[in-house]
Amino acid sequence: NDIEIQVVKMDSTTCTSDGPLGATGTDQYFYFHDESATIKLYPAASTSSRPWSMNARVYLESSSTLKSTTPLAGVEQTHTPFSDSVLKLISRYSLRRLLIRVGDVASTSITNNNDIHSDVEQLLREERARGPSGTSVLASFIETENEVENHNNNSNNKRQSKDDYRYKYASLLRYLLDNNLFPPCGAPLDSVRVRKHGHSTIVQPPKNETNTKNNIVEVESFLAADAATFCNPGIHALLLSKGAKTGEGGWGAAANNGACHPDENWGLFDSLFLSSSSSSSPLVVLSDLLLRSSLDSVLPSSWESKPNKRHSIWIDLDVSDSCYNAQLGPGEDECMIRVTRGASYQIGLPSPTLKHVGGNEQRNALNLSLGDLILGNKREGSKAWHPCPLSDSSKVLLYTPIGFTNKVATGTGLINNDTNGNIHGGKSEFNALTWENGYFDFSTPWTQLYQNEQGSNDGISSSKFGISRTVQRPLGLSSIGTIVSVFRYDQTASQHHSASVKVESFDVLPGALIKPKIHTLRMVLYEGGGAGRDRFIPPLNTNECSSNRYSSLRCSEVMLSDLQNHNLLLNPDGTWLIERTVMLTPDSSLWMMVDFDEAYLPFQKFPADANRGIDAFPSRARFSIEAAMPITLYSSSLLLLPPVPDMSMPFNVISLSCTLWAFVLGSL
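Residues numbered from 1 in each chain as written. Predicted model: local features only at pLDDT ≥ 70, side-chain atom pairs only at ≥ 80, totals over all residues. Heavy atoms only, no water.

Peer 1: Which residues make up the pattern of salt bridges, and what are the values?
Peer 2: With the rule as written, the count across this model stands at 17 salt bridges. The partner of glutamate 121 in a salt bridge is lysine 395, and the shortest N-O contact between them spans 3.7 Å. A residue pair is termed long-range when its members are at least 10 positions apart, and glutamate 121 in helix α2 (residues 120-129) and lysine 395 in strand β15 (residues 393-401) qualify at 274 residues. Notably, a salt bridge pairs aspartate 507 with arginine 580, separated by 3.1 Å at the nearest N-O pair. Taken as a pair, aspartate 507 in strand β22 (residues 501-509) and arginine 580 in strand β27 (residues 576-584) lie far apart in primary sequence, 73 residues in all. Arginine 580 sits in the buried class, given a relative accessible area of 2%. (Salt bridge = Lys/Arg side-chain N within 4 Å of Asp/Glu carboxyl O. Helix = DSSP H or I, 4+ residues; strand = E, 2+ residues; numbered from the N terminus. Buried < 20%, exposed > 50% of the residue type's maximum accessible area, 1.4 Å probe, protein only.)

Quick look at the structure:
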């Protein structure tokens, strides 16, 4: 059939096209593309030879959004900038959200010094950058009417529902790998699909969220850090837009074709980073930054006293409920699909130098180029990204700490320079679409940073949240023991008012690796006396809290009925899912202990490296304080070692038996 497509470039650089979205009729879609490079500067520890210095946390994100007046359920071909692989993925699996994250360490703690008026977009970037150690895949499925009816008609509906979603999740992983939408070297997906190596797939009961009309079923799995290699093919599949043929280029080519041409180095990620084999130019490879390669002489000194050392990449697919309706009625929201690609890493910045301010006065100033801010070093001849021709926005955001002022160079596209900022520092915003010739050289001066006064935290309330999980096995590595889960709330404030924090936690006790004794579950709440600090060691007995040694410490045993909310769920394989909701006051921590017996695994379930141990699912906690945006943290995954038999015995028995028969038969 002949298809007539009309493309109109509007004032907001938003493209509209009339064409067949569904099987019949002519409908309309809107396409948006946004890119941002966010640099948050923070002071490093000072030395006698270096009065002050700066390091940076970089967030790179590229977002593609498709809005349609027609639902996309059941659509096989849409003639939109989004590829068929993404639209078929949504149509086949009824996804509300798909979040793929690869990180080297878990986000176990964070210092939250943002008030309720902080930049919401930046808080969302930081939330996506956080996650567990290794590779994690979180899929939120919309529970369809047919699925609800089938599960209600089944007498064993709960178990059947979990099995159905577990199979559906395994099929989803297979689809991602087959369509180049998953890092091929980031994780062996078969380990998750066939449930080997202890990588359990956690299916949570259906929930009705506030921003959706349907029930949501969340399914999540992860692979430990040894499988989260930041390899070039994996990064290429997740982030870069290359790939002129169908099925190539991963998420970049699948969602970025409407704004960037795949044959050109346009767009944030493709302009800054290329695979080492694709070009001989001195461009930086993203995997070098994620693996903390020493690209700059000052890089090894950049990790001083910084708790957040996580490097990560992610894909966030968000789909509105309207996309799955049979038709959109009057007043209903448009069908919206958004794909966000991102990366986060730390870099070291050059040391400041003395500059003449006026007369004989000298001050330490830090001269930075765009290459210094994004890559940590200068790359002669390399250019900043070429914004996609149809991008709605391409911007650079620079956050400076309190007590520092930045003097921006001309030609950088500065549109907002709030040097005073708020009580936490300043913010500068730059528009990349206004750069002369469409690029900015990395070696050209960008800004000059100098200290105008000693930074002060007077009146600032700084809250530090943390979560941890440990295992105690006093009788040996493979014996009985105790799992300890802790979440903390440490707040130092000069204000009289100290707000409590709401903590919603989720713990998994794997029944395939251990035998949890849920009747031994006990919780103790510690308050005051530094109980919220990460190095707090509780007394061996709660009766010691009243002693002189712990005069300022208060402790009390907490029952499940004392919590604001709780839910205990037992899976058929013996795995316990524990959800708890509790309010914590400043300088407090809640400790949960559960005893367990050792579990003997069948021979076929042992991994190849049995003596290494098996990774267990990490704990997760969501911290909400007043009207601020919630913060989700993950504990490090536990490495549990079940009792391991002598794996060499089958070989020894076969060798001795064959040797005996060789002597017997050989002597004839």
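Peer 1: Explain the sheet that holds β22 residue by residue, including any values.
Peer 2: Strand order in this open sheet of five strands is β26-β27-β22-β30-β31, and the pairing throughout is antiparallel. Strands with a single pairing partner mark the edges of an open sheet, and in this sheet they are β26 (565-570) and β31 (631-634). Each neighbouring strand pair of the sheet contributes to a mean axis angle of 15°, computed without reference to strand direction. Examined bridge by bridge, strand β30 (residues 620-624) and β31 share four bridges and lie antiparallel to one another. Among the inter-strand pairings, phenylalanine 623 is bridged to a residue of β31, identified as isoleucine 631. (Pairing = 2+ DSSP bridges. Axes fitted to C-alpha atoms, helices over the stretch in contact; angles between N-to-C directions.)

Peer 1: Give me the nonpolar core: which residues, what numbers.
Peer 2: One finds Leu89, Leu95, Leu98, Leu176, Trp251, Leu317 and Tyr345 to be the most contacted residues of the largest nonpolar core, which totals 83 residues. Not counting the four nearest positions on each side in its chain, leucine 89 is found in contact with Leu95, Leu98, Leu172, Tyr175, Leu176, Trp251 and Leu317. Within the second largest apolar cluster, 38 residues are counted, among which are Ile467, Val503, Leu521 and Leu601. (Core = buried A, V, L, I, M, F, W, Y, C linked by side-chain atoms within 4.5 Å. Contact = heavy atoms within 4.5 Å.)

Peer 1: Account for the state of the cysteines, with residues named and values stated.
Peer 2: Within this structure, the stated rule accounts for one disulfide. Covalent S-S linkage joins cysteine 323 and cysteine 335, the inter-sulfur distance amounting to 2.0 Å. Taking the torsion about the S-S bond as the criterion, the cysteine 323 to cysteine 335 disulfide, at about 100°, is right-handed. Highlighted residues: cysteine 323 in the loop between β11 (312-319) and β12 (335-348) and cysteine 335 in strand β12, separated in sequence by 12 residues. Exposure remark for cysteine 323: the relative accessible area of 1% places this residue in the buried category. (Disulfide = S-S within 2.5 Å.)

Peer 1: If you had to explain the confidence of the model for the chain to someone new, which residues and values would you point to?
Peer 2: Looking at the chain as a whole, the pLDDT averages 76, with 72% of positions reaching at least 70. No element of the chain has a lower mean pLDDT than strand β1 (residues 7-9), which averages 42, and none a higher one than strand β28 (residues 588-598), which averages 94. The low-confidence segment residues 1-26 (pLDDT under 50) makes 55 contacts with residues lying over four places distant or belonging to another chain. Overall, residues 493-497 carries pLDDT values under 50, and its contacts beyond four positions in sequence, including any with other chains, amount to eight contacts. (pLDDT = per-residue confidence, 0-100.)

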